Amino acid sequence: MSRPVIGLTTYAEEARFGLNDTFAAVLPLAYVHAVHRSGGRAILITPDDPDVDVLDGLDGMVFTGGSDVDPSLYGERPHPTTVVKPERDAAEMMLLRAALDADLPLLAICRGMQLMAVAYGGRLHQHLPDVLGHDNHRPTSGPKFGVHLVDTKPGSLAHAVLGDGITVNSFHHQGVADPGKLEPTGWCPEDGVVEVVEDPDRAFAIGVQWHPEDTNDFRLFAALAAAAAARRSSAVDAR
Amino acid sequence: MRPIVGITSYVEHAAWGVWTDALAVLVPHTYVEAVTAAGGRAVVLPPDDTDGDAVRAVDALVIAGGADVGPDLYGDEPGPLTVIRPGRDQGEVALVRAALAADLPVLGICRGMQLLAVLHGGRLHQHLPDVLGHDKHRPASGLYGSHGVTFAPGSLAAGILDDGEVNTYHHQGVADPGSMVPTGWADDGLIEVIEDPAKRFVIGVQWHPEEAGDVRLFRALVRAARIR
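This one's a predicted model, so the numbers in the text were calculated from it and none came from an experiment.

Tallying secondary structure elements over chain A gives 6 helices and 13 strands in all. Its C-alpha atoms give chain A a radius of gyration of 17 Å, within 12% of the compact-globule value 18 Å for 239 residues. For chain A, with 239 residues in total, the buried portion stands at 47%. Restricting to contacts in chain A with at least 6 residues of sequence separation, those with at least 24 account for 69%.

On the side of chain A, 37 residues touch chain B, which itself brings 34 residues to the contact. Contributions of two or more residues to the side of chain B that touches chain A are made by β2 (10-16), β3 (19-28), α1 (29-37) and β4 (41-45) of chain B. Counting residues per element, the side of chain B that touches chain A draws most heavily on β3 of chain B, at 7 residues. For the side of chain B that touches chain A, the per-class residue count stands at 21 nonpolar, 6 polar and 7 charged. Pairing between strand β4 (residues 41-45) of chain A and β4 of chain B: 2 bridges, direction antiparallel. Bridged to Leu44 of chain A within β4 of chain B is Val44 of chain B.

It is worth spelling out the confidence of the model for chain B at this point. Detailed conclusions should not be drawn from predicted coordinates in areas where pLDDT is low. Confidence in the prediction of chain B, expressed as mean pLDDT, is 95, and 100% of residues score 70 or more. Interface scoring of the predicted complex returns ipTM 0.93; its pTM is 0.95.

Time to look at the pairing of strand β6 (residues 106-109) of chain A. Residues and elements named next belong to chain A. Here β6 shows a buried face lined by Leu106 and Ala108 and a second buried face lined by Leu107 and Ile109. Summarising the sheet, strand β5 (residues 60-63) and β6 pair through 3 bridges and their orientation is parallel. The residue bridging Val62 from the neighbouring strand is Leu107, located in β6. Crossover handedness for the path β5 to helix α2 (residues 86-101) to β6: right-handed. Bridge analysis of β6 against strand β13 (residues 205-208) gives 4 bridges, and the strand direction is parallel. Across the sheet, residue Leu107 finds its bridge partner in β13, namely Ile206.

Of all hydrophobic cores here, the largest spans 139 residues; its most connected members are Val5, Ile7, Leu26 and Leu221 of chain B. The contacts of Ile7 of chain B, once residues within four sequence positions are left out, are Val27, Tyr31, Val32, Val35, Ala42, Val44, Leu45, Val62 and Ala64 of chain B.

Residue and element names in this part refer to chain B. Within the fold, Leu81 resides in the loop between β5 (60-63) and α2 (86-101). Expressed as a C-alpha distance, the spacing of Leu81 and Leu190, which sit 109 residues apart in the sequence, is 19 Å. In contact with Leu81, not counting residues within four places along its chain, are His127 and His171.

With that settled, consider α2 of chain A. For α2 of chain A, with 16 residues, the first-to-last C-alpha span of 22 Å sits near the 22 Å given by 1.5 Å per residue. Residues of α2 of chain A that are buried sit in contact with β1 (5-9), β2 (11-17), β4, β5, β6 and α3 (111-119) of chain A.

To continue, consider unusual backbone geometry. For residues that are not glycine, phi is negative in most cases, and the peptide bond is trans in most cases. One non-glycine residue, Cys110 of chain A, adopts positive backbone phi at about 55°. Mapping Cys110 of chain A onto the fold places it in the loop between β6 and α3. Unusually for a residue other than glycine, Cys110 of chain B sits at a positive phi of about 55°. Tracing the backbone through its elements, the reader meets Cys110 of chain B in the loop between β6 (106-109) and α3 (111-119).

Residues and elements named next belong to chain B. By the secondary structure assignment, Asp49 is in the loop between β4 and β5. With 127 residues separating them in the primary sequence, Asp49 and Asp176 have C-alpha atoms 27 Å apart. If we ignore the near neighbours within four places in the chain, the residues touching Asp49 are Gln90 and Gly91.

The rules behind the values
Residues numbered from 1 in each chain as written. Chains lettered and ligands numbered in written order. Predicted model: local features only at pLDDT ≥ 70, side-chain atom pairs only at ≥ 80, totals over all residues. Helix = DSSP H or I, 4+ residues; strand = E, 2+ residues; numbered from the N terminus. Rg over C-alpha atoms; globule rule 2.2 N^0.38 Å. Buried ≥ 20, exposed ≤ 12 C-beta atoms within 10 Å, placed from the backbone. Contact = placed C-beta atoms within 7 Å. Nonpolar A, V, L, I, M, F, W, Y, C, P; charged D, E, K, R; others polar. Pairing = 2+ DSSP bridges. pLDDT = per-residue confidence, 0-100. Right-handed = clockwise from strand over helix to strand, strands pointing away. Core = buried A, V, L, I, M, F, W, Y, C linked by C-beta atoms within 7 Å. Expected span 1.5 Å × (residues − 1).

Have a look at this one:
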């Protein structure tokens, strides 16, 4: 039995490495590592030439972190601190909708979670310090990541995977103001920021605001890989 | 439905956007653009330490350029100027072997061509200026050169390309193509193209068609993937 193949959305940006300074398809290795350690096989999906045909060979998807979601997608003007990549938004929104239509198991992380909320008709806070009065979710000094608790809702997928609550790392300045038709199932107890969203009508569709790939806690990736493997074996059985 | 073309990737410390130094999987976007222009759907294949099962998800493979191939793969000690990435070697060897076993169309570029030679029992020159007495294949750090190339009549390469100038940026080269057949040469006699005539489409080129915006080899790769 070969591993489920998990697609990961990818940055397309000017990148510097070694002697090179070039426009590149680029993604932190941590995402790939988390997928491989959790029993999946990672494949990077670039945002060029958007078309959903690439999903056919995949058993699951991770919508990764990155720039802010374009506020025009939820009918607002950009805040001065908002940095967008419209090409990535267009490609990923198309992939996300198609993945949901196909009930492909998906895990959305940080920007990915926010994209998911917008796809379900929700809205974002464009700069959390304006709303919360603090910058705990993306510290401006000290260690890169903020640290806080997340409480999960009993009976939710988040609760089944993570238990009552966990301590998470945090690096985002935007947040979910309105999850649209998604169900919020996790919150930061200190300020009420939505940290987890789910679609209970899908086999596995969950978004989290923190960065599990940058920790040693790969339970969400393992749950994704298990859902992807189950979908794959049922597809093989049906053949 | 477009053929899915997997592109192997670098793993390097990189800086982009808000990231000042992250270990990253990356590949120059010119590879992605060449695949797209050729009618394929590009995906990027990170190296992995387990096996080559990812070829199940693709219809063709591009082995991208990058650091030097580890000389341990062809039984040599590393030379003083050889820069290797053992993790990438290991992951790509598994992918390329799986692709060859599945008779997937394969296009090797620069390092990718050299890896094809090594996996077919060949060997590399570890620093061409030591062998050729000139540095025309990599005039300076970060600077592409150019030179003429001619193809063997009747070869796969000759059917896709025309004799002429190519861009060049490499300091290693194929000393022995193993069981691959050389079908293209630079002005100075260096092997520039290798093929496996026993396979439907397995070809390696020493230059960088993706940087030149020359999609002919990519188009041929995608065509071969469609016929599959």
